[in-house]
Amino acid sequence: MTKKNMVSAVLFLALSLAGVWLAFSRVESFRNARRLKASLTALPQGTTTLEEAVPFDWEAVYSFEPYTSREEIARTIGFDSPEIAETIGEGVTQLIFVREDRVVLCVCAYPENLGYDVDFTGCVRYGEHTPFTVRQGSVVRLCREAV
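Residues numbered from 1 in each chain as written. Predicted model: local features only at pLDDT ≥ 70, side-chain atom pairs only at ≥ 80, totals over all residues. Heavy atoms only, no water.

Taken in spatial order, the four strands line up as β4-β3-β2-β6 in an open sheet, and their pairing is antiparallel. Among the strands making up the open sheet, the edge pair consists of β4 (102–109) and β6 (122–125). Neighbour-to-neighbour, the strand axes of the sheet open up by a mean angle of 15 degrees, direction not taken into account. Relative to β4, strand β3 (residues 93–99) runs antiparallel, the two being bridged by seven bridges. Bridge assignment links Phe97 to a residue of β4, and that residue is Leu105. Packed onto the sheet, helix α3 (residues 70–77) meets β2 (60–63), β3 and β4 and runs at close to 40 degrees relative to β3. (Pairing = 2+ DSSP bridges. Helix = DSSP H or I, 4+ residues; strand = E, 2+ residues; numbered from the N terminus. Axes fitted to C-alpha atoms, helices over the stretch in contact; angles between N-to-C directions. Contact = heavy atoms within 4.5 Å.)

Below is the structure:
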């Protein structure tokens, strides 16, 4: 095998592995989005924590003000990821769930399209047991309780 063929084969293998990794990460994100919607929209009115409500593994969840840039989001969460999306406007729910320095779900949509809204700015870490008030309506709203 010539050196040019060897380089081509290695490049093809690397690109194939990257494609498979990207496809599987999208599958995980899609699955987590469906599970999150099912879980949050089924919550009864009252109080809950994200540890109780979120049905997949996560270490921290971040929410940002509208129009926060991808660069600022990456700086805040500590790494860049193709999963990061900028908030597209006022009233958009943006949640970035992180586990082991990777995004396991990025939610960026209007609550009316999601069926739920989680209202806080900043970061909630798994294990903090931060209370959220659950309000039922056409959209299920979780609001961070004042401490």
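Right, let's get into the nonpolar core. Residues Leu36, Phe97 and Leu142 are the most contacted members of the largest nonpolar core, which totals 24 residues. For this core, the secondary structure elements donating two or more residues are α1 (3–41), α2 (50–53), β3, β4, β5 (116–119), β7 (131–135) and β8 (140–144). When residues in this core are grouped by element, the largest group, four residues, is from β4. Every residue in contact with Leu36, bar those within four places of it in the chain, is listed here: Val54, Pro55, Phe56, Phe97, Leu105, Val107 and Tyr116. Counting 12 residues, the second largest nonpolar core, distinct from the first, contains Ile77, Ile96, Val98 and Val103. (Core = buried A, V, L, I, M, F, W, Y, C linked by side-chain atoms within 4.5 Å. Buried < 20%, exposed > 50% of the residue type's maximum accessible area, 1.4 Å probe, protein only.)

With that settled, consider the sheet that holds β8. Sheet architecture is open: four strands sit in the order β1-β7-β8-β5, paired in mixed fashion. Among the strands making up the open sheet, the edge pair consists of β1 (46–49) and β5. The mean inter-strand angle of the sheet, taken between neighbouring strand axes irrespective of direction, is 25 degrees. Direction of pairing for β7 relative to β8: antiparallel, over a ladder of four bridges. Counted as the bridge partner of Phe132 is Arg144 from β8.

What follows concerns the packing of aromatic side chains. Using the criterion set out here, one finds five aromatic pairs in the structure. Here the aromatic rings of Trp58 and Phe97 are separated by 6.0 Å at their centres, their planes lie at 80 degrees, and the arrangement is edge-to-face. Of the two residues, Trp58 sits in the loop between α2 and β2 while Phe97 sits in strand β3, which places them 39 residues apart along the sequence. Here Trp58 and Phe97 have matching classes, each one buried. (Phe/Tyr/Trp six-rings, centres within 6.5 Å; stacked < 30°, edge-to-face > 60°.)

What follows is about unusual backbone geometry. The phi torsion of most residues other than glycine is negative, and most of the peptide bonds are trans. Its identity as a non-glycine residue notwithstanding, Glu100 has a phi of 50 degrees, on the positive side. Residue placement: Glu100 occurs in the loop between β3 and β4. A positive phi is found at His129, a non-glycine position, where the angle reads about 50 degrees.

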